[in-house]
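Inside the fold
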Amino acid sequence: MTNGNDSESVVKQLSVTMQSESIKEHIKKQELLGALEEGVLYINDKFEIAEDYSNSLEKIIDQEITLGQSFISLFENRVPDNILNNTVEYLNLMFKEDLDEETVNELNPLNVVEFHFENRWGLWTSSKYLKFRFNRLLRDKLISGLIITVTDITKQISLSKKLEEVEKETNKQMEWLVNMLHVEPPLLKEFLDVSELEMQTIDKDLRGAKNNEQYNQIFNKLLRFIHQLISNASLLNLKFFIGKIKQFESEVRKINEKKEISSGDFVPIVIQLGEVRQMLQDVKVLMNRFKHFTETVRPKRQYEDGLIIRAIANLVQNMSKDLGKEVEFNYTKFNSSAIPYSYQQVVREFLIILVRFSILYCFEKPDERRSANKSPIGNLEIETFSTNRLFGFKLRHDGRLIRIERLLQKSIENTEAEIQEDKSAVRDHLGAEVIRLLFMPTTATSSLSEAEYSQEIFNDMEVAKKKLKMHRGKIKIIFTSENYCEYTISLPVK
Amino acid sequence: MNETDLHFFIDSTVNYFEEVTSEKASAGIPYMKDEEPVVLEYTGIIGISGKRKGSIYVTTSEKMLSSIAKLILGIEEIGKEDIKDLVGEIANTISGNVRQAYGSDFMISVPVVVEGKAKDIKLPDNIQSFVIPITWKEHKSFLVVCLE
């Protein structure tokens, strides 16, 4: 083993030995060169490699050296052209008698250089970081050549780069982790799985899009996907993720405002989509890394069952507060453990959508409720039920049903004659119509932000409806126009 | 890789077709490459190293290359060698543009031409690759960009 100081003294010694041509000294020199871990070589003023170089040199630069070979040729296809050109200039300066060695050495472009290695196709495979030091060799006070020491510093450089990356990554991960710790692992896992699935759908659509019409459809899907991501991440309070998605959203909106969309407009979207995917991947890795930790403090089944309730309770609380409403959430008849595993997601999605819908549209503000002779605090209730053949859940609320009222009025006017003939048939017909209209996209809300919000809910509802259909589930609605509405969703037990 | 890089590669490829054939090519929406191979009958690959590392390849069908070769050479009978030369030239042109745009901090390899539908083209695992579908006339080709 030799260190930097050793090799410097060897270089000095070599300088001395090179000046003396005695056989004894030559043998000593060969022994020294053979023992060195660093690469040591000597070049003349034509930059040609002289016969004496250390055995380890070829290994370090991974090339065979021939006597008289140009030193510069060692760098061909190994370093970019600018470094190659700078090296030639630097070597010329090193051979100028009137220039101070130390000053010129400050310009050494090979002080730390990345050596690139390629496969037989010329494609980059790996890199080494090498340090080249140059010393003038004087003979009769004139520069006769340069002694060059080459050290492989790949390990040091890689380590410091890795350290830098780890430090950066650790800061980011710490921030994420602090944010993630309050989220129950099953919910986080579900969030990641659902997001990944949606991501795959978007990706598939991007690949299939061919014309402007499809581009517009993709934009709409993208916005819906973004809203869903924001809403799901908000539910879990994943602030770092919400921030990133909002950035993405503003990018998508900016492009969506263009009159004509071309495929090139999707470039920033695809890049950002890649970043979001990477973020999801990183969160997943982080989650898995802390799996042991979460398993150690793994919640009991009973606790896990309560997660869905807690998520909904948070939603009720946050949304009511945001909208200046007061809602009491009652879930005593809701048994989370009765939800079949395969239905957990669809139940949660439906509950979230219905709760958001009810709070946004149906519950009145306390003053309005008082004026309508109602308790100022609204009541939202959920319950589960099951038989041998099906599992179901209900959501009831005592808010107003403006849209349904309007529909009812209209429907009753249109079907007055029929009502006389067959009241029950008309009631069924009305029920179906109400459900259809209730879940139809609309922007009939009081403000733009609400309009956007409602669009989001209805888009979510469309997706949830598809999922319900996929599971062969059914939805039924019972209501009175003034103060009561009950949704019943039933799913066949598989 | 950033937006400018991706735009640059798309533009230089699309421009090549227009300059050489006087017929515009259109780029589709780029997407992130996954495990699914993106390889057609002829592929021209360029390696990039230096400040940033990666690979770029353009993969096309024999029919497309044959049509372009007919236009360029003005002959009806196109041999395999002409086709191979052409895919090499496409890659070379992209390579030249990259060299011009990225400067001397980068090392750009001589294009490698792969004939036949390889299983896939090996790209660095730790770098995200993007696929840009290119349509010229009724022919489809792909530009795959994988750059740090």
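Calculation criteria
- The residue count restarts for each chain, going from 1 along the sequence in the order it is written.
- Lettering for chains starts from A, numbering for ligands starts from 1, and both go in the order in which the items are written.
- Whole-chain, interface and lining totals are the exception, using all residues; otherwise, since this is a predicted model, local features are given only for residues with pLDDT of at least 70 and side-chain atom pairs are given and counted only at 80 or more.
- As a rule here, side-chain values come from all non-hydrogen atoms in the structure, and water together with hydrogens is ignored.
- Helix numbering and strand numbering both begin at the N terminus, where a helix is a DSSP run of H or I of at least 4 residues and a strand a DSSP run of E of at least 2.
- The cut-offs for exposure are 20% and 50% of the maximum accessible area for each residue type, with area from a 1.4 Å probe on protein chains only; residues under the lower value are buried, those over the upper are exposed, and the others partly exposed.
- What makes two residues a contact is simply this: any of their non-hydrogen atoms within 4.5 Å.
- Throughout this description, the term salt bridge denotes a Lys or Arg side-chain nitrogen within 4 Å of a carboxyl oxygen of Asp or Glu.
- DSSP-based pairing: two strands are paired if at least 2 bridges between them are found.
- To get an axis, a line is fitted to the C-alpha atoms, and for a helix only the part in contact is used. The angle between two axes follows their N-to-C directions and goes from 0 to 180 degrees.
- Any angle that is under 35 degrees is reported as roughly parallel, and any over 145 degrees as roughly antiparallel; angles of 65 to 115 degrees are reported as roughly perpendicular and all others as oblique.
- Here is the rule for handedness: rotate from the far helix to the near one, and if that takes an anticlockwise turn smaller than a right angle the crossing is left-handed, while a clockwise turn gives right-handed.
- Each residue gets one of three labels, nonpolar for Ala, Val, Leu, Ile, Met, Phe, Trp, Tyr, Cys and Pro, charged for Asp, Glu, Lys and Arg, and polar for the others, Gly among them.
- Helices are assigned an expected span. That span is 1.5 Å times one less than the residue count.
- By convention, a stacked pair of Phe, Tyr or Trp rings (six-membered ring in the case of Trp) has centres within 6.5 Å and planes under 30 degrees apart, an edge-to-face pair has planes over 60 apart, and any other such pair is tilted.
- The buried area of a pairing is the accessible area, by a 1.4 Å probe, that goes missing from both parts when the two are put together, added over both.
- By the criterion applied in these results, polar contacts are pairs of N or O atoms within 3.5 Å in which, for protein atoms, one can donate a hydrogen and the other can accept it, and in which residues neighboring in sequence qualify only through two side-chain atoms.
- Residues qualify for a patch when their relative accessible area is over 30% and they have no salt bridge, like charges being joined within 9 Å and the nonpolar side chains of Val, Leu, Ile, Met, Phe, Trp and Tyr within 5 Å.
- Computed with the Shrake-Rupley method and a 1.4 Å probe, the accessible areas treat only the protein chains shown as cover for residues.
- How sure the predictor is of each residue is captured by pLDDT, a score from 0 to 100.
- In this description, a nonpolar core means a group of buried Ala, Val, Leu, Ile, Met, Phe, Trp, Tyr and Cys residues linked to one another through side-chain atoms lying within 4.5 Å.

1. A word on the overall build of chain A
Per the secondary structure count, chain A includes 18 helices and 10 strands. Counting all 494 residues of chain A, 48% fall into the buried class. Counting only contacts in chain A whose residues sit at least 6 apart along the sequence, the fraction spanning at least 24 positions is 63%.

2. Some remarks on the pattern of salt bridges
Under the definition given, this model contains 25 salt bridges over all chains. For Glu196(A), the salt bridge identified is with Arg277(A), shortest N-O distance 3.6 Å. Taken together, the residues span a long stretch of sequence, with Glu196(A) in helix 7 (residues 185-208) and Arg277(A) in helix 10 (residues 266-289) at a distance of 81 residues. Note on accessibility: Glu196(A) and Arg277(A) belong to one class, buried. With its nearest N and O atoms 3.9 Å apart, the salt bridge here joins Glu81(B) to Lys84(B). A residue pair is termed a helical-turn pair when its members lie 3 or 4 positions apart in one helix, as Glu81(B) and Lys84(B) do in helix 3 (residues 80-102) at 3 residues. Here the residues in one salt-bridge network are Lys333(A), Glu381(A), Glu383(A), Lys394(A), Arg396(A) and Glu486(A), joined through shared partners.

3. What to know about the pairing of strand 10 (residues 484-492) of chain A
All names here are of chain A. Across the 9 residues of strand 10, 7 count as buried, placing the element largely inside the fold. One ladder, built from 8 bridges, connects strand 8 (residues 390-397) with strand 10; its direction is antiparallel. Counterpart to phenylalanine 391 in the pairing with strand 10 is leucine 491.

4. Quick word on the packing of helix 7 of chain A against helix 10 of chain A
Residue and element names in this part refer to chain A. It is the contact of helix 7 with helix 10, at a shortest axis distance of 11 Å, that shows an interaxial angle of 155 degrees. One element, helix 7, and the other, helix 10, form an angle in the roughly antiparallel class. As for how helix 7 packs across helix 10, the hand of that crossing is left-handed. Residue classes in the contact of helix 7 with helix 10 are distributed as 14 nonpolar, 2 polar and 6 charged.

5. Remarks on helix 2 (residues 62-73) of chain B
Residues and elements named next belong to chain B. For helix 2, which comprises 12 residues, the first-to-last C-alpha distance of 16 Å matches the rise-based estimate of 16 Å (1.5 Å per residue) to within 8%. Among the residues making up helix 2, those that are buried are Met64, Leu65, Ser66, Ile68 and Ala69. Buried residues in helix 2 make contact with helix 1 (3-21), strand 3 (42-50), strand 4 (54-60), helix 3, strand 7 (129-136) and strand 8 (139-147). Immediately downstream of helix 2, the backbone of glycine 74 shows phi near 70 degrees, a positive value.

6. With respect to the pairing of strand 4 (residues 124-139) of chain A
A regular strand places its side chains on the two faces of the sheet in alternate fashion. Residue and element names in this part refer to chain A. Examined bridge by bridge, strand 3 (residues 113-118) and strand 4 share 6 bridges and lie antiparallel to one another. Note that in strand 4 the partner of histidine 116 across the bridge is serine 127. Where strand 3 folds back onto strand 4 in an antiparallel hairpin, the turn is made up of 5 residues, including glycine 122, whose phi is positive at roughly 85 degrees. As judged from the 10 bridges shared by strand 4 and strand 5 (residues 142-152), these two strands associate in the antiparallel manner. By the bridge assignment for strand 5, leucine 130 is matched with aspartate 152. Linking strand 4 to strand 5, which pair antiparallel, is a turn of 2 residues; within it aspartate 140 sits at a positive phi near 55 degrees.

7. Observations concerning the sheet that holds strand 5 of chain A
All names here are of chain A. Read across the open sheet, the 5 strands follow the order 2-1-5-4-3; overall the sheet is antiparallel. Only two strands of the sheet have a single partner each, and these edge strands are strand 2 (49-53) and strand 3. Between one strand and the next, the sheet's axes are offset by a mean angle of 35 degrees, whatever the strand orientation. Lying on the sheet, helix 4 (residues 81-94) is in contact with strand 1 (39-43), strand 3, strand 4 and strand 5; it crosses strand 4 at an angle near 10 degrees.

8. Considering the packing of aromatic side chains
Residue and element names in this part refer to chain A. What the rule picks out here adds up to 17 aromatic pairs over all chains. Seen in terms of ring centroids, phenylalanine 71 and phenylalanine 134 are 6.0 Å apart; in terms of plane orientation they differ by 85 degrees. Their pairing is edge-to-face. Placement of phenylalanine 71 in the loop between helix 3 (56-61) and helix 4 and of phenylalanine 134 in strand 4 is noted, with a sequence separation of 63 residues between them. Residues phenylalanine 71 and phenylalanine 134 agree in their burial class; the two are buried. On the numbers, 4.8 Å between centres and 15 degrees between planes, the contact of tryptophan 176 with phenylalanine 240 is stacked. Of the two residues, tryptophan 176 sits in helix 6 (residues 154-180) while phenylalanine 240 sits in helix 9 (residues 239-256), which places them 64 residues apart along the sequence. Here tryptophan 176 and phenylalanine 240 have matching classes, each one buried. Pairwise contacts between aromatic rings join Phe71, Phe75, Tyr90, Phe115, Phe117, Phe132 and Phe134 into one cluster.

9. Some details on the interface of chain A and chain B
Taken together, the contacts link 30 residues of chain A with 31 residues of chain B. At the boundary of chain A with chain B, total buried surface from both sides reaches about 2500 Å², with 70% on carbon and sulfur atoms. The tally of links between chain A and chain B comes to 2 salt bridges. The tally of links from chain A across to chain B stands at 5 residue pairs in polar contact (both at pLDDT 80 or more). Looking at the side of chain A that touches chain B, the elements with two or more residues in it are helix 4, strand 3, strand 4, helix 7, helix 8 (212-235) and helix 10 of chain A. It is helix 10 of chain A that contributes the most residues to the side of chain A that touches chain B, 8 residues altogether. Tallied by class, residues from the side of chain A that touches chain B come to 15 nonpolar, 8 polar and 7 charged.

10. Notes on a nonpolar patch on the surface
Side chains of Leu71(B), Ile72(B), Leu73(B) and Ile75(B) sit close together on the surface and give an oily, nonpolar patch of about 330 Å² of accessible area. Residue position: Leu73(B) is located in helix 2.

11. Things to note about the confidence of the model for chain B
For chain B, mean pLDDT is 84; residues scoring 70 or higher make up 100% of the total. Two numbers describe this predicted complex: its pTM, 0.63, and its ipTM, 0.83.

12. Brief notes about unusual backbone geometry
Residues and elements named next belong to chain B. The residue serine 22 is not glycine, and still its phi comes out positive at about 60 degrees. Here serine 22 is to be found in the loop between helix 1 and strand 1 (25-27). The backbone of lysine 137 sits at a positive phi, close to 55 degrees, despite the residue not being glycine.

13. Focus on the nonpolar core
Side chains of a nonpolar character, in soluble globular proteins, are inclined to be buried together. Residues and elements named next belong to chain A. Counting 82 residues, the largest nonpolar core has Phe191, Leu238, Phe241 and Phe266 as the members making the most contacts within it. Tallying contributions element by element places helix 10 first for this core, with 12 residues. Not counting chain neighbours up to four residues away, the residues in contact with phenylalanine 241 comprise Phe191, Leu229, Ala233, Val276, Met279 and Leu280.

14. Let's talk about the confidence of the model for chain A
Per-residue pLDDT for chain A has a mean of 77; in total, 76% of the residues score no lower than 70. A low-confidence stretch, residues 415-428 of chain A stays under pLDDT 50, and its non-local contacts, those more than four residues away or across chains, total 4 contacts.

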